[in-house]
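Residue strings, one per chain:
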Amino acid sequence: MPVPWFLLSLALGRSPMVLSLEKLMGPQDTARCSPGLSCHLWDGDVLCLPGSIVSAPGPVLVPTRLQTELVLRCHQETDCDLCVRVAIHLAVHGHWKEPKDEAKFGRAADPELEEPVNAFLQAQVVLSFQAYPTARCVLLEVQVPAALVQPGQSVGSVVFDCFEAALGAEVRLWSYTQPRYQKELNLTQQLPDCKGLEVRDSIQSCWALPWLSVSADGDDVHLVLDVSEEQHFGLSLYWNQIQGPTKPWWHKNLTGPRNITLNHTDLFPCLCIQVWPLEPDSVRTSICPFTEDPRAHRNLWRAARLRLLPPRGWQLNAPCSLLAEATLCWQAPGGGPCQSLVPPLSWANVTVNKTLELPLLNAHPNLCVQVSSWEKLQLQQCLWADSLGALKDDMLLVETRGPQDNRSLCALEPSGCTPLLSRASTRAARLGEELLQDLQSGQCLQLWEDDLRALWACPMDKYVHQRWALVWLACLLLASVLFLLFLFKKDHVKGWLRLLKEDLRAGAAARARAALLLYSAEDSGFERLVGALASALCQLPLRVAVDLWSRRELSAQGPLAWFHAQRRQTLQEGGVVVLLFSPGAVALCHEWLQDGASASAPHGPHDAFAASLSCVLPDFLQGRAPGRYVGAYFDGLLHSEAVPALFRSVPVFSLPSQLPDFLGTLQGPGAPRPGRLGQRAKQVSRALQPALDQVLKAPGNPGGPGDGTRDGT
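No experiment lies behind these values; they were computed from the predicted model shown.

Participant: Can you lay out the overall build of the chain for me, pointing to particular residues and giving the numbers?
Facilitator: From N to C terminus, the chain includes 14 helices and 34 strands. Sequence-distant contacts in the chain: of pairs separated by 6 or more residues, those separated by 24 or more amount to 65%. Of the roughly 37,300 Å² that the chain leaves accessible, carbon and sulfur atoms contribute 55%.

Below is the structure:
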């Protein structure tokens, strides 16, 4: 991987963002050594032939490290080229050998094998350079006195000036000796362009370069190009992905100067800008200014999509690379949090736009994948819901294996992992023996295993059927008793049946469908209108929950906690959440969609609508709203097109003009016949109209005095 220059050019002593470079006058290459060494640069380039590695006959000089620095090679003060200075650090490799030392230096080695003091170690060091379309090799001869030789220690360095290269090019360096005693050193680096250097007045190719700056103005971002009149240049916006090639997004040839505006929703951390003059072999400048922009990171997660691919694949789609952690979890029916499982999917394996394999033996609809960033849940998707069906009421068993074939089993429940055969008052504890028998008889499906753990899914349908069989038997017994009573005491039974019928009607009202009303508290008149609607809906029958009737709970729990509890209870009972749109509610939704969590703070002590957006919006964004949510607005207070498009994925009704359809949707499959439904709609409309007229007549309201707007639906 190319190494950024600002991590390596420490000797420059300037800010790593803009580098000021030393100037070298003249075209000739030179070499210089650190004190104690002598060196010589061969004239002209040599062939790059590393050859094979050979054994060292004794102590030899070898290169141990390459260090680079950028300089300018100038023919005149304002006519310079970018040049790469290379420092090669050398060390001694190998040890003295007595016979060879004696023959080489003409001196007998004493018993302590002392080195000759009047001889030199000599090395021929090759330095190879490649930067398209240039390739060069130079040869440096280096000598060090034998008295300075200490095997394994550095003896100094030799500096070569210099290799010319183009701005923005990728350069590769190699260094080795002839003959070669070890693997060659190599280094790859990406050179900066005109934008990252103080060279605009020194390198002529930078003179005509369009200079780009980025500025913010509210929700808009301006790209200001400092280009002379009538100069033609190219501008490209692209997504620079670490994992995979760059993706072009927008490209155009323009004439300067220009001021281009981007909407904040177009920003992503990997969005980069490249600009260049429309001339042959022109230098291109690229910047990526949004890598730390919070808006860009929010847009990235909004655009990310988690896909699960049968049989056991998954894929995270996003315009840019993401630093995220993926985990498996178990989603039980009836809502509730998804419980994390082993094995974890390491963030290092989360590669954007690439299909990855889940470490599972078998698939199950209750298994889900969660993607989190900085411990915040961003995405969740359950496995292949289209092919495997709805969530199952299965019990997940976690097996832990110990030494000597010892193992323990626990059942994953909302309260934690309950050991089987325990005395806890949970379903898993009560059915512990049966679940253990199911596991031993092969009725459970193994989902995953390793040397220490395993996961099993055991069906619970038969235990549910057994309970229902007892219920039906009790019902038959009760019916028989009632029939006998009817035969013996007809008159008494008739009166009792009348009382029973009344009780059944009361019970039906108690078991009516639940409806949770959410609205934005505009003013006291609008609250009275919502109260009138809630009271009328209670006569249908419907079990209505609204914050107007729960002020004490709101003050004690807070709007967010109250809404979470009411929403969970309503949806678990098969109810529906009603979103009442008003101008204030629409403004809150637009604010939330644009700024995310920053708009989630409640606007009042009892404003459950503002508090609820943090949970309502994800349901719509992830496609879970149909069947669970219904929208409505009041005639004259709001136009139908004012409702945000995101919320139109569910039915949205105008009240009271569309009351029959609204009431039919609220009551669901148990709704009465159309004639009966029309009568109920008239009752609700009569109860609603006085409060609506008062709101419409209030000054400042749409449709009030001075405003003739009405909804034409």
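Participant: With reference to specific residues and values, describe the sheet that holds strand 28 (residues 445-449).
Facilitator: Taken in spatial order, the 5 strands line up as 27-26-25-29-28 in an open sheet, and their pairing is antiparallel. The sheet terminates laterally at strand 27 (416-419) and strand 28, the two strands that pair on one side only. Neighbour to neighbour, the strand axes of the sheet diverge by 30 degrees on average, direction disregarded. Alignment of strand 25 (residues 394-401) against strand 26 (residues 407-413), held across 6 bridges, turns out to be antiparallel.

Participant: Tell me about the packing of helix 8 (residues 524-537) against helix 14 (residues 674-697), and name the residues and values.
Facilitator: Between helix 8 and helix 14, the shortest axis-to-axis distance is 9 Å and the interhelical angle comes to 180 degrees. It follows from the interaxial angle that helix 8 and helix 14 lie roughly antiparallel. On helix 14, the residues that touch Gly-525, Phe-526, Arg-528, Leu-529, Ala-532, Leu-533 and Ala-536 of helix 8 are Val-684, Ala-687, Leu-688, Ala-691, Leu-692, Gln-694 and Val-695. Each residue belonging to the contact of helix 8 with helix 14 can be placed in one class, and the counts come to 11 nonpolar, 2 polar and 1 charged.

Participant: Now, about unusual backbone geometry: what can you tell me, with residues and values included?
Facilitator: Asp-161 connects to Cys-162 through a cis peptide bond whose omega is -15 degrees. Mapped onto the elements of the fold, Cys-162 is located in strand 8 (residues 154-164). Phi is positive for Asn-353, which is not a glycine, with a value near 60 degrees. Mapping Asn-353 onto the fold places it in the loop between strand 21 (339-340) and strand 22 (356-357).

Participant: Describe helix 2 (residues 294-303), and please don't skip the residues or the numbers.
Facilitator: Those residues of helix 2 that fall on the buried side of the exposure criterion are Arg-295, Ala-296, Asn-299, Leu-300 and Trp-301. Looking at where helix 2 begins, the residue whose side-chain oxygen comes 2.9 Å from the main-chain nitrogen of Arg-295 is Asp-293.

Participant: How would you summarise a nonpolar patch on the surface if you had to cite specific residues and measurements?
Facilitator: A surface patch of nonpolar side chains, about 310 Å² in accessible area, is lined by Phe-483, Leu-484 and Leu-487. Counting through the fold element by element, Leu-487 comes out in helix 6 (residues 461-488). Judged by its relative accessible area of 46%, Leu-487 is partly exposed.

Participant: Explain the pattern of salt bridges to me, using residue names and the numbers behind them.
Facilitator: Following the criterion strictly, the structure yields 18 salt bridges and no others. For Arg-543, the salt bridge is made with Glu-573, and the minimal N-O distance between the two is 2.9 Å. Of this pair, Arg-543 sits in strand 31 (residues 543-545) while Glu-573 sits in the loop between helix 10 (559-572) and strand 32 (576-581), placing them 30 residues apart in sequence. Of the residues examined, Glu-573 reaches a relative accessible area of 40% and is grouped as partly exposed. Shared partners join several salt bridges into a network, and the residues in it are Glu-22, Arg-32, Glu-69, Arg-85 and Asp-161.

Participant: Which residues make up the packing of helix 13 (residues 659-667) against helix 14, and what are the values?
Facilitator: Packing of helix 13 against helix 14 brings their axes to within 9 Å, and their N-to-C directions diverge by 110 degrees. Between helix 13 and helix 14, the crossing angle belongs to the class labelled roughly perpendicular. In this structure, helix 13 uses Leu-659, Pro-660, Leu-663, Gly-664 and Gln-667 to contact helix 14, whose residues at the interface are Leu-677, Arg-680, Ala-681, Val-684 and Ser-685. Grouping the constituent residues of the contact of helix 13 with helix 14 by class yields 6 nonpolar, 3 polar and 1 charged.

Participant: I'd like a description of the packing of aromatic side chains, backed by residues and values.
Facilitator: Here the structure, examined in full by the defined rule, presents 9 aromatic pairs. Measuring from centroid to centroid gives 6.0 Å for Phe-526 and Phe-634, while their planes differ by 85 degrees, and the two rings are edge-to-face. Here Phe-634 lies in strand 33 (residues 629-634) and Phe-526 lies in helix 8, a separation of 108 residues in the sequence. Taking the centre distance of 5.2 Å and the plane angle of 55 degrees together, the rings of Phe-620 and Tyr-629 count as tilted. Here Phe-620 falls in the buried class, since its relative accessible area comes to 6%. Members of the aromatic cluster, each reached through a chain of ring pairs, are Phe-581, Phe-620, Tyr-629 and Phe-647.

Participant: Any chance you could break down the state of the cysteines for me, citing the residues and the numbers?
Facilitator: Using the criterion set out here, one finds 10 disulfides in the structure. Covalent S-S linkage joins Cys-329 and Cys-338, the inter-sulfur distance amounting to 2.0 Å. Between Cys-329 and Cys-338, the S-S torsion sits near 90 degrees, and that sign places the bridge as right-handed. When its relative accessible area of 0% is taken as the criterion, Cys-329 is described as buried. What makes Cys-338 buried here is its relative accessible area of 12%. Linked covalently through their sulfurs, Cys-410 and Cys-417 form a disulfide whose S-S length is 1.9 Å. The sign of the S-S torsion, about 80 degrees, decides the handedness of the disulfide formed by Cys-410 and Cys-417: right-handed.

Participant: Describe the environment of Pro-59, listing the residues and the values that go with them.
Facilitator: Considering the arrangement of structural elements, one finds Pro-59 in the loop between strand 3 (38-41) and strand 4 (60-76). Residue Pro-59 is classed as buried on the basis of its relative accessible area, which comes to 7%. Sequence separation of Pro-59 and His-93 is 34 residues, and the distance between their C-alpha atoms is 5.4 Å.

Participant: Give a detailed account of the confidence of the model for the chain, specifying residues and quantitative values.
Facilitator: Of the residues in the chain, 80% have a pLDDT of 70 or more, and the chain-wide mean is 78. Considering only residues more than four positions removed or in separate chains, one finds that residues 1-18, a stretch of pLDDT under 50, has 32 contacts. Scored below 50 in pLDDT, residues 597-602 makes 10 contacts in the model with residues more than four places away or belonging to other chains.

Participant: Break down the sheet that holds strand 8 for me, with residues and values.
Facilitator: The strand order across the open sheet built from 5 strands is 1-4-5-8-2, with neighbouring strands paired in mixed fashion. The open sheet is flanked by strand 1 (22-25) and strand 2 (30-33), the only strands paired with a single partner. Between one strand axis and the next, the sheet turns through 35 degrees on average, direction left out of account.

Reading the values: rules and limits
Residues numbered from 1 in each chain as written. Predicted model: local features only at pLDDT ≥ 70, side-chain atom pairs only at ≥ 80, totals over all residues. Heavy atoms only, no water. Helix = DSSP H or I, 4+ residues; strand = E, 2+ residues; numbered from the N terminus. Contact = heavy atoms within 4.5 Å. Areas by Shrake-Rupley, 256 points an atom, 1.4 Å probe, with all protein chains shown as cover. Pairing = 2+ DSSP bridges. Axes fitted to C-alpha atoms, helices over the stretch in contact; angles between N-to-C directions. Parallel < 35°, antiparallel > 145°, perpendicular 65-115°, else oblique. Nonpolar A, V, L, I, M, F, W, Y, C, P; charged D, E, K, R; others polar. Buried < 20%, exposed > 50% of the residue type's maximum accessible area, 1.4 Å probe, protein only. Polar contact = N/O pair within 3.5 Å; in protein donor to acceptor, adjacent residues only side chain to side chain. Patch = residues over 30% accessible without salt bridge, like charges linked within 9 Å, V, L, I, M, F, W, Y side chains within 5 Å. Salt bridge = Lys/Arg side-chain N within 4 Å of Asp/Glu carboxyl O. Phe/Tyr/Trp six-rings, centres within 6.5 Å; stacked < 30°, edge-to-face > 60°. Disulfide = S-S within 2.5 Å. pLDDT = per-residue confidence, 0-100.

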